[in-house]
Structures are given as structure tokens and as C-alpha cells.
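Per-entry structural report
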Amino acid sequence: TGMAQAEKALKEVADKAPEEARSAFEAGVKALEEARSLKEAGSYAEACKKAVEAMRNFKVAVLAVAKLMPEEAEPVKEARKAVGLRVAIERAKSFIERVENLIEKTEERGYEVSEDVKAKLDEAKDRLAKAEDALEAGNVDTAAKELAEARKLAGQAMGEFHSTVRIIMGERLERFAERAE
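Keep in mind that what you see is a predicted model, and the values were worked out from it rather than measured.

Calculation criteria
- Residues numbered from 1 in each chain as written.
- Predicted model: local features only at pLDDT ≥ 70, side-chain atom pairs only at ≥ 80, totals over all residues.
- Heavy atoms only, no water.
- Helix = DSSP H or I, 4+ residues; strand = E, 2+ residues; numbered from the N terminus.
- Buried < 20%, exposed > 50% of the residue type's maximum accessible area, 1.4 Å probe, protein only.
- Contact = heavy atoms within 4.5 Å.
- Areas by Shrake-Rupley, 256 points an atom, 1.4 Å probe, with all protein chains shown as cover.
- Core = buried A, V, L, I, M, F, W, Y, C linked by side-chain atoms within 4.5 Å.
- 1 Å grid on protein atoms, 1.4 Å probe; cavity = no way out; pocket = protein on both sides within 12 Å on 5 of 7 lines; lining within 4 Å.
- Points joined across faces, edges and corners; volume = space filled by probe spheres on them.
- Nonpolar A, V, L, I, M, F, W, Y, C, P; charged D, E, K, R; others polar.
- Salt bridge = Lys/Arg side-chain N within 4 Å of Asp/Glu carboxyl O.
- Expected span 1.5 Å × (residues − 1).
- Arc of directions from axis to C-beta.

1. Describing the overall build of the chain
Within the chain one finds six helices and zero strands. Starting at the N terminus and ending at the C terminus, the chain contains elements arranged as α-α-α-α-α-α. Burial statistics for the chain: of 181 residues in total, 35% are counted as buried. Excluding contacts between residues fewer than 6 apart, the proportion of contacts in the chain whose partners are at least 24 apart in sequence is 72%. Summed over its atoms, the accessible surface of the chain is roughly 10600 Å², and 51% of this surface lies on carbon and sulfur atoms.

Have a look at this one:
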């Protein structure tokens, strides 16, 4: 994972790494653990904030290490990219979960949501899984491409769902107006 790559880069120069790098990395690990807990508890907005905090801490740690080893700047850059991708993947997952919850609530109220919308969300989740697998394998470019495709699909699904909601609201307003007359 991006975190593992950052940790590896930090451990390689642990004896030379400044305290700032070590403490920033530890703070990043703690914030990422909190983000996962918040996400599992359904606090998606707070989880995203904690994930961003983790990413910022990892960036500080990686940059501090990069200053010590300019000849090895490429692995550090890759680690930084991986950390950013990990956070972006988590954000995309949270977005998809929120859209799925909205769809569920809409259907519970008796409205029909297009199967195409659900299929796009499922495909987006598959793409995110592929992005995570690529990231685990150290293939940052493939992970970025899969993430981009997942975001595109999730955005399309949300757009289609939003159009459905507008139609539903229009129908409800018409019925309200008819009853008011």
C-alpha cells in the first residue's frame, strides 16, 4: 500500500531520518487508523478529514526523508503518489457508499432507480478494487488509471440518479399543486 511504501522509504533511512519525519509518519498512521474507524462507524465526512490529515502527515515524513536521500528521490515520489492514491480511493469509496445509501432511501420510499445507475456503481467499486490491488502490487500508474475510471463511473451514476430525483420531485410538486387547487 501507499502507507507501506512510505514506511519502507522511512525505515531505509531510519537512523538518519529527522525526528520530524518519524513523528509525522506516526501521526499519519494514527490518523489513518482513526479514518478507518470513522468510516466503519458511518461518519464519512469525518473519515475523509482524517484521511486527508494522514496524507498530509505522510507527505511531511516522505519529504523529510527525500531531503536526506536525493539520489533516491524517485522511490520517494512513488511513495508520495501511492499515499495520495490511497486517500483518493478511500474518498471514492465513501462517495459511492453515500450514493448507494441515497438510492436505498429513495427505493424505500417506493421510487424506482435505474438498474443502469446501480450497475455503474458496481463497476466503479470493481475498478476501485483493481486500483487497490494495483497499489498493493506497487503499480501506481495502473492504480491511478483504475481510480480515474471508477470516479468517472461514480460521477455518471450520480448524475443519472440526480436526474431521476429531479423527475420524482417534479411529479411530487405536480401532485401537490393538483391537491392545492
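Back to the text.
2. Focus: the nonpolar core
Counting residues in hydrophobic clusters, the biggest one holds 24 residues, and the most contacted among them are I103, L128, L135 and L147. Every element with two or more residues in this core is listed here: helix 4 (73–108), helix 5 (115–136) and helix 6 (140–180). Core analysis: the second largest hydrophobic core is formed by eight residues, A24, A31, A54 and V83 among them.

3. Quick notes on empty space enclosed by the protein
One pass over the full model with this rule turns up two cavities of 30 Å³ or more. Every residue along the wall of the largest cavity is listed here: L32, A35, R36, K39, A47, C48, A51, E90, R91 and S94. Elements represented by at least two residues in the lining of the largest cavity include exactly helix 2 (19–40), helix 3 (44–68) and helix 4. Among the elements that line the lining of the largest cavity, the one with the most residues is helix 2, at four residues. Here the residues of the lining of the largest cavity are counted per class, giving five nonpolar, one polar and four charged.

4. Here we look at the pattern of salt bridges
For the coordinates displayed, the defined rule picks out 19 salt bridges. Across the salt bridge formed by E136 and R86, the nearest N and O atoms sit 4.0 Å from each other. Within this pair, whereas E136 is found in helix 5, its partner R86 is found in helix 4, the two being separated by 50 residues in sequence.

5. Points about the side chain of E132
Its place among the elements puts E132 in helix 5. Look past the residues within four positions of E132 in its chain and what remains in contact with it is R86, I89, E90 and K93.

6. Some details on the environment of D133
The topology assignment puts D133 in helix 5. Residues D133 and A143, ten residues apart in the sequence, show an inter-C-alpha distance of 7.7 Å.

7. Concerning helix 5
Taking 1.5 Å of rise per residue, 22 residues should cover 32 Å, and helix 5 covers 31 Å from first to last C-alpha, within 8% of that figure. Of all the positions in helix 5, only V117, K120, L121, A124, L128, A131, E132, A134 and L135 are classed as buried. Take helix 5 and look down its axis: the buried residues cluster within an arc of 160°, on one side only. Counted as exposed and oriented over 90 degrees from the buried face of helix 5: E115 and D133.

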